[in-house]
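This is what each chain is made of:
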Amino acid sequence: MNIKLNSNFDQLSENYLFSEINKRVAKYKEYNPNRDIIKLGIGDVTLPLGKNVIEALIHASCEMGKKETFRGYPPEYGYNFLKEAILKYYKRFHVDLDLNSVFISDGAKSDLGNIVDIFGDNPIYIPNPVYPVYLDSNRMSGRDIYYMVGSENNNFLPLPKDNMKKSSIIYLCSPNNPTGSLYNQEELKKWVDFAKENGSLIIYDSAYEAFINDDKYPHSIYEINGAKDCAIEICSFSKQAGFTGLRCGWTIIPMELESENHKINKLWERRQATKFNGVSYPVQRAAEAALSDEGILECKNNINYYMENAKLLSNLFDEKGIYYTGGKNSPYIWFKCPNGMKSWDFFDYLLENANVVGTPGAGFGTFGEGYFRITSFNTHEKTKEAIERLKKVL
Ligand code: PLP
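Residues numbered from 1 in each chain as written. Predicted model: local features only at pLDDT ≥ 70, side-chain atom pairs only at ≥ 80, totals over all residues. Heavy atoms only, no water.

### Let's talk about the site of the ligand
Item 1. Surveying the vicinity of the ligand reveals 14 residues, the closest of which are Ala108, Asp205, Tyr208, Ser236 and Ser238.
Item 2. Within the backbone of Ala108, an N or O atom sits 2.7 Å from an oxygen atom of the ligand.
Item 3. Between the ligand and Arg247 there is a distance of 2.8 Å, counted from an oxygen atom to a side-chain nitrogen or oxygen.
Item 4. Every element with two or more residues in the shell around the ligand is listed here: helix 4 (108-114) and helix 7 (238-241).
Item 5. Per-element tally for the shell around the ligand: the top contributor is helix 4, with three residues.
Item 6. The residue inventory of the shell around the ligand, partitioned by class, reads six nonpolar, four polar and four charged. (Near = heavy atom within 4 Å. Polar contact = N/O pair within 3.5 Å; in protein donor to acceptor, adjacent residues only side chain to side chain. Helix = DSSP H or I, 4+ residues; strand = E, 2+ residues; numbered from the N terminus. Nonpolar A, V, L, I, M, F, W, Y, C, P; charged D, E, K, R; others polar.)

### Quick notes on the state of the cysteines
Item 1. Here the structure, examined in full by the defined rule, presents zero disulfides.
Item 2. Considering cysteine sulfurs only, Cys235 is the nearest to Cys173, which forms no disulfide, with 11 Å between them.
Item 3. Between Cys299, a free cysteine, and Cys235, which holds the nearest cysteine sulfur, the sulfur-to-sulfur gap is 12 Å.
Item 4. Residue Cys299 is classed as buried on the basis of its relative accessible area of 9%. (Disulfide = S-S within 2.5 Å. Buried < 20%, exposed > 50% of the residue type's maximum accessible area, 1.4 Å probe, protein only.)

### Some remarks on helix 6 (residues 185-198)
Item 1. With 14 residues, helix 6 ought to run about 20 Å at 1.5 Å a step, and its terminal C-alpha atoms sit 20 Å apart, in line with that.
Item 2. Between the side-chain oxygen at the start of helix 6 and the backbone nitrogen of Glu186 there is a gap of 3.1 Å, and the oxygen is on Asn184.
Item 3. Positioned one or two residues after helix 6, Gly199 has a phi angle of 65 degrees, which is positive. (Expected span 1.5 Å × (residues − 1).)

### Regarding the pattern of salt bridges
Opposite charge on two side chains lets them pair, provided their charged atoms get close.
Item 1. On inspection of all chains with the given rule, the structure shows 18 salt bridges.
Item 2. Notably, a salt bridge pairs Arg24 with Glu20, separated by 2.7 Å at the nearest N-O pair. With Arg24 and Glu20 both in helix 1 (residues 17-31) and four residues apart, this pair spans about one turn of that helix.
Item 3. Since its relative accessible area comes to 14%, Glu20 is described here as buried.
Item 4. For Asp117, the salt bridge goes to Lys275, with nearest N and O atoms at 3.0 Å. Here Lys275 lies in helix 8 (residues 264-275) and Asp117 lies in the loop between helix 4 and strand 3 (124-128), a separation of 158 residues in the sequence.
Item 5. Connected via shared salt-bridge partners are Glu20, Lys23, Arg24 and Asp348. (Salt bridge = Lys/Arg side-chain N within 4 Å of Asp/Glu carboxyl O.)

### Some thoughts on the packing of helix 1 against helix 11 (residues 343-354)
Item 1. Between helix 1 and helix 11, whose axes approach to 11 Å, the crossing angle comes to 35 degrees. Every pair of crossing elements has a handedness; the one defined by helix 1 and helix 11 is right-handed. Along the contact surface, helix 1 presents Leu17, Glu20, Ile21, Arg24, Val25 and Tyr28, while helix 11 presents Trp344, Phe347, Asp348, Leu351 and Glu352.
Item 2. Split by residue class, the contact of helix 1 with helix 11 holds seven nonpolar, no polar and four charged. (Axes fitted to C-alpha atoms, helices over the stretch in contact; angles between N-to-C directions. Left-handed = near helix turned anticlockwise from the far one by under 90°. Contact = heavy atoms within 4.5 Å.)

### Focus on a nonpolar patch on the surface
Item 1. Taken together, Met1, Ile3 and Leu5 make up a surface patch of nonpolar side chains, about 470 Å² in accessible area.
Item 2. Within the secondary structure, Ile3 is located in the segment before helix 1. (Patch = residues over 30% accessible without salt bridge, like charges linked within 9 Å, V, L, I, M, F, W, Y side chains within 5 Å. Areas by Shrake-Rupley, 256 points an atom, 1.4 Å probe, with all protein chains shown as cover.)

### Thoughts on the pairing of strand 2 (residues 102-105)
Side-chain positions along a regular strand alternate between the two faces of the sheet.
Item 1. Burial along strand 2 is two-sided: the face carrying Val102 and Ile104 and the face carrying Phe103 and Ser105 are both buried.
Item 2. When strand 2 meets strand 8 (residues 249-252), the two strands line up antiparallel, connected through four bridges. Along strand 8, the bridge assignment pairs Phe103 with Thr251. (Pairing = 2+ DSSP bridges.)

### Here we look at the domain arrangement of the chain
Item 1. Parsing the chain into structural domains produces domain 1 (12-49 + 296-393) and domain 2 (51-293).
Item 2. Centre-to-centre separation of domain 1 and domain 2, based on C-alpha positions: 26 Å.
Item 3. Listed as interface residues are 32 residues of domain 1 and, on the opposing side, 45 residues of domain 2.
Item 4. For the pair domain 1 and domain 2, the summed buried area comes to about 3200 Å², and 58% of that belongs to carbon and sulfur atoms.
Item 5. The largest per-residue losses of area from domain 1 upon contact with domain 2 belong to Leu49, Ile296 and Asn329, which jointly make up 26% of the total buried on that side.
Item 6. If you look at where domain 1 meets domain 2, you find one salt bridge.
Item 7. A salt bridge links Glu152 to Lys336, with the shortest nitrogen-to-oxygen separation between them at 3.1 Å.
Item 8. Every element with two or more residues in the side of domain 1 that touches domain 2 is listed here: helix 10 (293-320), strand 11 (324-326), strand 12 (332-336) and strand 15 (371-375).
Item 9. When grouped by side-chain class, the residues that make up the side of domain 1 that touches domain 2 number 17 nonpolar, nine polar and six charged. (Domains from an automatic or database assignment. Buried area = accessible area lost by both parts, 1.4 Å probe.)

See the structure below:
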């Protein structure tokens, strides 16, 4: 074959984080077959879907089997019943949204990756460390990328800097994966004011919004005055309602967002109508059920289960006096490796001495080196056992 390929793919680093973790664990098991390894690296939910969600899923699937209620292609931007449920959900945070600003997706990852389609060549600002999708999707499309450094000095929450370029696209993730840290009202307002003053756009990933239980932290960027003039919000049912396997999310593109005399909302409409055929009817009904009053309570029960683990893990780091972020409004705990160890060295140390697996911080960006992520998605029993083991080696 002699066709030209997208040479931007050469800029991507090897996607080796989880395969390297699996490789090292498999090798360890080969030589130590009887060891009980506890996985605190899990970035996926583990509890089953709630009763309300399942009932809605079954009911909608049965509707698909009857002539009178069968439905074909869903609307590209989502059924109104789900969009309305999302508007109602935002009212809990005192945010009023326009129905047409809501786009239903098959999860946040797709929209985070695809949103680059509608923008020209702007400077891109990405936190480091952070969820790798922002970086890789911008690299694939050959954009100029600048890092916003997260460190202990800013508790892994970069704030605007005077030397940042104007008219840029700024990615924010709060609560953050992997650091679990999150912006409060005041800090988020700094970003919104900065974006408005500089003609920039914020892409706000709020996939872990449902883990926020402290009122001082906004659930949505639109809780900040002026955000509808400068921000897109991308969210997901994955962690909120356990939809990692069902697949559903949403993106908010306010009507107010305009650039070069175009409404950004209309560009996204056009893009989605061309390249996306919507989310299945049963899944959208299940998502609607997750946002009903009973559904929200049910989802909250699961989140509380994970947060009990997070609390036990945070207690350990408090007791040991080890620097960490997260664990309070997030399922992730991000801590400093002891004795100045590098992330991968600590990974091996933990695997060999405690038989516990986590995720090396260096896998989330160069500034994650020397840090480590553990999650609260395992069972209480395994988490408690892991804590006992960690106590001995930290
Ligand atoms: N955003 C962040 C910060 C994530 O950590 C994840 C998944 O882990 C996603 C988005 C993707 O979510 P979804 O399952 O909706 O594609």
